[in-house]
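Summary of structural features
For reference, the chains in residue letters:
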Amino acid sequence: MLNERGKSSLFDSDYLPSRQLLLSASLSACVVCFSICSKMDGVTLPRESGRIITETAKDVFIDQDGIAKVAQVIVDKVKKKEFDVKTWKEHPLNPKTSDKAAVDWVFLADTLNFSFWSEDERKKYMVKYKGGEHTGYWSLCAAMNRAIDEGIPIMDPNYYATISHNDFMKVFRSDSDHDIPLIDKRIEIMQEAGKVLLKKYTGSFVNCIEECDKSAQKLLQLIVRDFPSYRDVVSYNGKQLGILKRAQILIADVWGACEGKGLGEFTDIDTITMFADYRIPQALVYFGAMKYSESLMEKLKKDTRMENGDRLEVEIRGVSIWVTELIRDEVVKMLKADPETKDVNVNAVLIDHYLWDYRRDHATDMADIPFHKVRCIYY
Ligand SMILES: Nc1nc2c(c(CN[C@H]3C=C[C@H](O)[C@@H]3O)cn2[C@@H]2O[C@H](COP(=O)(O)O)[C@@H](O)[C@H]2O)c(=O)[nH]1
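Definitions and cut-offs
- Residues numbered from 1 in each chain as written.
- Predicted model: local features only at pLDDT ≥ 70, side-chain atom pairs only at ≥ 80, totals over all residues.
- Heavy atoms only, no water.
- Buried < 20%, exposed > 50% of the residue type's maximum accessible area, 1.4 Å probe, protein only.
- Helix = DSSP H or I, 4+ residues; strand = E, 2+ residues; numbered from the N terminus.
- Pairing = 2+ DSSP bridges.
- Near = heavy atom within 4 Å.
- Polar contact = N/O pair within 3.5 Å; in protein donor to acceptor, adjacent residues only side chain to side chain.
- Salt bridge = Lys/Arg side-chain N within 4 Å of Asp/Glu carboxyl O.
- Phe/Tyr/Trp six-rings, centres within 6.5 Å; stacked < 30°, edge-to-face > 60°.
- Axes fitted to C-alpha atoms, helices over the stretch in contact; angles between N-to-C directions.
- Parallel < 35°, antiparallel > 145°, perpendicular 65-115°, else oblique.
- Left-handed = near helix turned anticlockwise from the far one by under 90°.
- Contact = heavy atoms within 4.5 Å.

A closer look at the pairing of strand β5 (residues 132–135)
- Every second residue of β5 is oriented toward a common face, the buried set being G132 and H134 and the non-buried set E133 and T135.
- Pairing analysis gives four bridges linking strand β4 (residues 126–129) to β5, with the strands arranged antiparallel. Within β5, the residue paired with M126 across the bridge is T135.
- Linking β4 back to β5 in an antiparallel pair, the connection comprises two residues, with K130 at a positive phi of about 50 degrees.

Focus on the site of the ligand
- Near the ligand there are 22 residues, and of these N113, K245, D352, D357 and R360 occur at the shortest range.
- Note that an oxygen atom of the ligand is positioned 2.6 Å from one of the side-chain N or O atoms of D357.
- R360 places a side-chain nitrogen or oxygen 2.7 Å from an oxygen atom of the ligand.
- Mapped by element, the contributors of at least two residues to the shell around the ligand are α6 (137–149), α12 (245–257) and α16 (348–361).

Some points on the pattern of salt bridges
- For the coordinates displayed, the defined rule picks out 27 salt bridges.
- Put simply, R51 and E55 hold a salt bridge, and the shortest N to O gap is 2.8 Å. Of this pair, R51 and E55 both sit in helix α2 (residues 46–56), separated by four residues, roughly a single helical turn.
- Look at the salt bridges and you will find they share partners, linking R47, E325, R328 and D329 into a network.

A word on the packing of aromatic side chains
- In total, this model carries 17 aromatic pairs according to the counting rule given.
- With a centroid separation of 6.4 Å and an interplanar angle of 25 degrees, the aromatic rings of Y201 and F227 are classed as stacked. Note that Y201 is positioned in helix α9 (residues 183–201) and F227 in the loop between α11 (216–226) and β6 (233–236), a separation of 26 residues in sequence. The burial state of Y201 is the same as that of F227; both residues are buried.
- Taking the centre distance of 5.0 Å and the plane angle of 50 degrees together, the rings of F287 and Y358 count as tilted.

Details of the packing of α2 against helix α15 (residues 311–336)
- At a minimum axis distance of 7 Å, the contact between α2 and α15 shows a crossing angle of 110 degrees. Put simply, α2 runs roughly perpendicular to α15. The two elements α2 and α15 cross, and the hand of that crossing is left-handed. Counted together, P46, R47, G50, R51, I53, T54 and T56 of α2 and V314, E315, G318, V319, I321, W322, E325 and R328 of α15 form the full contact between these two elements.

As for the side chain of N94
- Within the fold, N94 resides in the loop between α4 (87–90) and α5 (100–111).
- The residues touching N94, leaving out its near neighbours within four places in the chain, are W88, W105, Y137 and W138.

Note that all results are geometric; they support no functional claim without further evidence.
Set out below in structure tokens:
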């Protein structure tokens with residue numbers, strides 16, 4: 001419909017009320033849609049949580065130059081074809097199949113994938129396996145694989161749903177003088193997860209995946225709804241913000257174990273953010289993409305213990321999520337601007353794994369960058 005000035009009357013200034021009405025209606029629709037898309041049962045999803053926390057953070061900041069520096073390192077890796085979901089299986093302790101056994105191995109590993117740091121770096125839990133001495137996250141994997149080799153049915157939820165303290169200590173026995181941290185919590189969480197798998201999913205995480213139509217976000221909702229130990233949510237300025245580190249890494253590890261195919265095919269894997277642990281922040285600060293205030297750096301250097309949910313801890317975790325999102329955006333922009341780049345297969349998961357592996361491989365270079373010490377079951 002055109003008026004005498006040949007303009008579509010709908011947007012013409014004579015019809016300002018309808019133009020405003022339409023604009024405000026579409027804006028509010030976007031806001032409603034976005035808030036629905038960025039929320040799950042009243043819990044804000046990790047990407048939006050990271051943005052919200054970064055906006056109001058007082059002691060943790062993003063640095064654009066550092067973001068560009070990390071992005072360039074990653075773009076170089078992508079161009080050398082060294083950036084692929086297949087890298088996951090290259091780790092000697094990760095499963096080599098892409099079947100139910102691999103999925104259920106990943107489920108158990110990520111159910112226990114938290115809090116490996118020790119008060120004293122010289123006094124760490126350690127597991128000897130296949131000629132290696134494994135500490136940190138890899139000590140968990142080594143202990144699981146050792147138990148499998150010893151014929152202990154550790155992968156069977158019928159076994160771990162009722163695992164005794166003695167049996168747990170046999171599976172996760174240490175080859176150093178120091179036990180795995182949070183033993184009682186780990187036993188409680190294993191039993192809880194095993195019971196849910198048996199009660200609701202016929203004893204396998206494959207059945208959780210198969211309920212979710214290849215959607216990572218649907219699987220994320222299922223994990224947080226049915227497995228309480230994965231509910232990594234913080235209260236921040238009156239909001240319930242999902243950080244969901246273990247729930248997201250569980251999905252990402254299934255994706256990695258299955259190389260993005262079959263049981264690991266997720267149409268929306270790119271909506272999964274990095275996993276807010278205590279190691280990625282070290283790498284982000286090392287590259288200069290994230291910065292701490294002087295007072296926070298001082299606290300960290302003095303090994304000041306924090307509690308899960310403290311403002312400083314939430315700021316470190318939240319800003320690390322958002323910085324990694326910005327790095328991903330920068331990498332995609334740089335690759336799209338490159339005439340030689342055909343397809344851009346980069347997401348926050350691959351960036352996370354790269355930074356995490358980089359931190360482990362360059363631990364000495366990062367020795368003077370402290371990590372935040374929180375003893376909890378979420379990361
Ligand atoms: N953000 C992020 N956090 C990750 C991982 C992994 C293991 N993923 C590997 C497996 C296949 C992939 O290729 C990765 O290489 C463990 N963690 C967390 O780190 C901490 C342990 O550290 P340390 O004490 O130094 O071992 C602890 O919070 C643990 O939950 C990751 O990938 N990303």
